[in-house]
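# Per-entry structural report
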Amino acid sequence: MSSYILEMHDITKTFPGVKALSNVNLKVEEGEIHAICGENGAGKSTLMKVLSGVYPSGDYEGKIVYRGEECHFKGIHDSEEKGIVIIHQELALVPMLSIAENIFLGNEHARWGVINWHANEARTRQLLAKVGLGEDPKTLITNIGTGKQQLVEIAKALSKDVELLILDEPTASLSEKDSQALLDLLLEFKRQGITSIIISHKLNEINRVADHVTVIRDGRTIETLDRSQISEDRIITSMVGRSLEDRYPPRDPQIGEPIFEVKNWSVYHPLHAERQVIKNIDITVRKGEVVGIAGLMGAGRTEFAMSLFGRSYGRKISGEVFLHGKAIDVSTVGKAVERGLAYVTEDRKVFGLNLIDTIKNNITIANLKGVSNVGVIDDLKELDVANDYRRKTNIRSPSVFQKTGNLSGGNQQKVVLSKWLFSSPEVLILDEPTRGIDVGAKYEIYTIIARLAAEGRAIIVISSEMPELLGISDRIYVMNEGRIVGEMAASDASQEKIMRAIVRGEGKAAS
Amino acid sequence: MTDTAPTPQTGVAQDVAGGPRVPVSTFASNLREYGLVLALIAIMVFFQFTTGTLFKPVNLSNLVQQNSFIIVMALGMLLVIVSGHIDLSVGSVAGFIGALAAMMMVIWPLGGFLGNPLVVSIICLLIGGAIGAAQGYWIAYHRIPSFIVTLAGMLVFRGLCQGLLGGGSSVGPLPDSFKALSSGFLPEVLGTWTLIPPTVNAAGKTIFGSGVTLNLTTVVIGIIAVLAFAISGVSARRTREKHGYEAEPFALFVVKTVVIAALALFFVYQFAVYRGFPIVLVVMGILVGIFVFITRHTTIGRRVYAMGGNIKAAQLSGIKTERLTLFVFINMGVLSALGGLIIAARLGQAVPAAGLGSELDVIAAVFIGGASAMGGVGQVMSTVVGGFIMGVMNNGMSIMGVNVDWQQVVKGLVLLGAVIFDVYNKNKG
Ligand SMILES: Nc1ncnc2c1ncn2[C@@H]1O[C@H](COP(=O)(O)OP(=O)(O)OP(=O)(O)O)[C@@H](O)[C@H]1O
Ligand SMILES: [Mg+2]
């Protein structure tokens, strides 16, 4: 068939100690949406980096044929010239620059180095209209949410006359609604003849938009499924090599007395002192209980969690925290950790990991006491601990001496989780714990959560994926605009009920 | 070569580890350190050939006595740079402390106890720590960039140094017992041992190669140190193996240990035939040992690296970054003060220009040693080697009669070359 816009033949890419890709083949038809699925560390991002010239020709083996022509990209510029644009797993926007500045960064409408702002802004407006974003081009990137930032990235791609758009986990940190909007946009692009490659762990999304799915496992192509074959179960079977019976591990919750209580918790914005971000929140978590916090993006869940955890967010914090009925001081992270709190961040690269250090050192950093004696680290004990958690959370790497910066996104997440598991907390707050994690690994993380709960700990899970919350929680709080607007037992909760609570809360807030 | 991955206890993860695995050689991962040592040896050999005197026992002692203050201060600077900061004030602080020490011992009538060189030194180290604390306070608790705070410190303490000495004059001579810090040698307690008795030729001169007398104390300390090094290496290997972790390949381990031991013994011999270990070398050696230990085996060291690697993640892991930063600068202040004492002791007096520009040598030593300007990366031993590279170049070029201007050009280029080499390597790997 000559309708392939892109063919990648026998791509092999090796990193020191890891063969990330071995003889991978990928064929993408003109004008389709082609999904790539695979477990964490399977090599999806690496394959796309090979394609877009991030790893220049010569750094890998194999052949890339684009529009019938063999290509040897030396860098991103070469591939962009051909209309291949990649949007990376981690967004690459400059936060303190405006939307327009970001879109035309390095590509400005300028004459002799003098930027023509009018031209840039006019063009930006057109592009934003195309992606359905009604923001002012002068708005700074920091002031818009992740969903909109993602759209800005796409607008940026459009500005480069894209023919093949590559999106690496574009919806990982988007809300349900934003994700839907983004997928609709891809379908719209498809009608305009733009080909897309999308990497995602959200199989329902793939199910909805993809024309073909190529599955990669352990750096090898397993198969390419066509439209008629695509189903979530089929993809999972192909991804993990066996079928997955349940998405959530069975649990037999033994719920005891309240362990962790927060009373009348209020927080103000760190910069705008008059803006109250968290408004008089009361929550209770019982022994052995998994409590979910549902809400839309921007509901204040992360802010709430971080302000609890050693006042890592916000100002003028007031309220009380009780552990086993006794008021505790959690005013610094150190104290919070000592009292048995742990917070697994949603932003692993910024708040979770030291990317230039090893897996081992990242796992033990929050609990160095656990591997040391009067300030002296016991190397072997530390190594044992690191290996133990590497095995328990199934981190894929040649060894615990691998730098976390070289791990795939999902495996980085597992390192952050391991770090907090090792601090053996009594109260574990997980903020989007399965973001960017493959289905198999999600199950493993749910299993860990279930086990911790069974051991009698209190667990709080913040998640934007409602099915996940419904699947693993015992009780769900619904949060909106800094308030708790609903509370329900998971057994009689549903997505509709949660949404209704949010809408009701909005009504209340307005009145 | 074998894989560095520890094998036995990781059965499950091994089975699923992504894709076919290519072994990482331990050798390759340590290539940088080996390269650095080789570079130092190459530079030394080069100067040996061009000057013919570099390896002479007298000169080795000189080299150590002239440059040890750079390494002492570089130990503090390493922590500063690893934690993501910089300290430009160290040369001025060293100069100021040297002046202060001289004033206390020579000019001010402190008398008796307070004028005692040892007491003065201790007071000076404490004052150095206070200076570090004063600068670190603004950096740690008020987030003023270290570049600016220490640039201010650089001006302030140079000014105070000159002011203290009353304009352009120098203050001295310093007491001999104080000067021993830099120019003294370890006292000979075991006596000497004549290896080859001197043979006198007809002209009444000793024949070359004869008349070798060893300082036994030095030999004994040297041999004990080398043995301790080898034994601790072997026992570390043993424990690793007992716990089921593969250590580096045995052959490589043996070769490495033998080479290091041989080099060490060579230098021990050189010092032994002259006047034994310089005191300042012993001080430096102990400090290096302490800092290797701190950076590799203590929680505080680990936290400094974590803070330099990602300060936000470090804070959210419960690390008190403010206090840690303060500690790093106090430590730097104490070591700057020690550097200042060493300089003053070597000159035998305090001069207004003492330590001038030495911050640059110190910072260069750390970067040549492979530390990252972004923080989070850097090793003590590499820094020491980096310091010796600077020292050997200073010494060798001076003997060759290269003029000071050109010395700076060469040192600058070496620094640039070392960092380019690093960046190139990183991009390739
Ligand atoms: N720079 C690097 N150095 C060493 N190993 C690397 C590097 N980049 C990626 N790897 C390894 O290559 C493998 C594939 O990584 P890749 O990022 O492509 O996975 P992925 O399929 O995108 O996973 P995820 O779903 O978690 O994002 C992983 O084992 C990873 O550890
Ligand atoms: Mg990826």
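The paragraphs below set out a description of the structure included in this document. Computed from a predicted model, the values in this text were never measured in an experiment. (Residues numbered from 1 in each chain as written. Chains lettered and ligands numbered in written order. Predicted model: local features only at pLDDT ≥ 70, side-chain atom pairs only at ≥ 80, totals over all residues. Heavy atoms only, no water.)

Right, let's talk about the overall build of chain B for a bit. Along the backbone of chain B there are 18 helices and 2 strands. Out of the 429 residues belonging to chain B, those deemed buried represent 48%. Counted over contacts in chain B with a minimum sequence separation of 6, partners at least 24 positions apart contribute 76%. Counting every atom, chain B has about 19600 Å² of accessible surface; 71% of that belongs to carbon and sulfur. (Helix = DSSP H or I, 4+ residues; strand = E, 2+ residues; numbered from the N terminus. Buried < 20%, exposed > 50% of the residue type's maximum accessible area, 1.4 Å probe, protein only. Contact = heavy atoms within 4.5 Å. Areas by Shrake-Rupley, 256 points an atom, 1.4 Å probe, with all protein chains shown as cover.)

The next subject is helix α1 (residues 44–51) of chain A. All names here are of chain A. For α1, a buried count of 7 out of 8 residues is recorded, marking the element as mostly surrounded by other parts of the structure. Every buried residue of α1 is listed here: K44, S45, T46, L47, M48, V50 and L51. Looking one or two residues past α1, G53 carries a phi angle of roughly 85 degrees, positive in sign.

On to the interface of chain A and chain B. Contact with chain A, which involves 44 residues of that partner, is made by 42 residues of chain B. When chain A packs against chain B, close to 3600 Å² is buried across both sides, 60% of that on carbon and sulfur atoms. Summed over the three residues of chain A that lose the most area to chain B, namely I365(A), L380(A) and R391(A), the buried surface amounts to 15% of that side. Along the contact surface separating chain A from chain B lie 1 salt bridge. Residues R302(B) and E382(A) are paired through a salt bridge, measuring 2.5 Å at the closest nitrogen-oxygen approach. Where chain A meets chain B, there are 9 residue pairs in polar contact (both at pLDDT 80 or more). Residues of the side of chain A that touches chain B, tallied by class, amount to 18 nonpolar, 14 polar and 12 charged. (Buried area = accessible area lost by both parts, 1.4 Å probe. Salt bridge = Lys/Arg side-chain N within 4 Å of Asp/Glu carboxyl O. Polar contact = N/O pair within 3.5 Å; in protein donor to acceptor, adjacent residues only side chain to side chain. Nonpolar A, V, L, I, M, F, W, Y, C, P; charged D, E, K, R; others polar.)

Residue and element names in this part refer to chain A. Taken together, the 6 strands give an open sheet; going across it, the order is β18-β21-β22-β15-β23-β24, and neighbouring strands pair in mixed fashion. Both edges of this open sheet fall to β18 (341–344) and β24 (483–489), since each of them pairs with a single strand only. Taking the axes of each pair of neighbouring strands and ignoring which way they run, one obtains an average angle of 20 degrees across the sheet. When strand β15 (residues 290–294) meets strand β23 (residues 475–480), the two strands line up parallel, connected through 4 bridges. Along β23, the bridge assignment pairs I293 with Y477. Its contacts with the sheet put helix α9 (residues 301–308) on β15, β18, β21 (427–431), β22 (458–462) and β23, and the angle it makes with β18 is roughly 145 degrees. Relative to β18, helix α14 (residues 409–422) is tilted by about 175 degrees, and along the sheet it contacts β18 and β21. (Pairing = 2+ DSSP bridges. Axes fitted to C-alpha atoms, helices over the stretch in contact; angles between N-to-C directions.)

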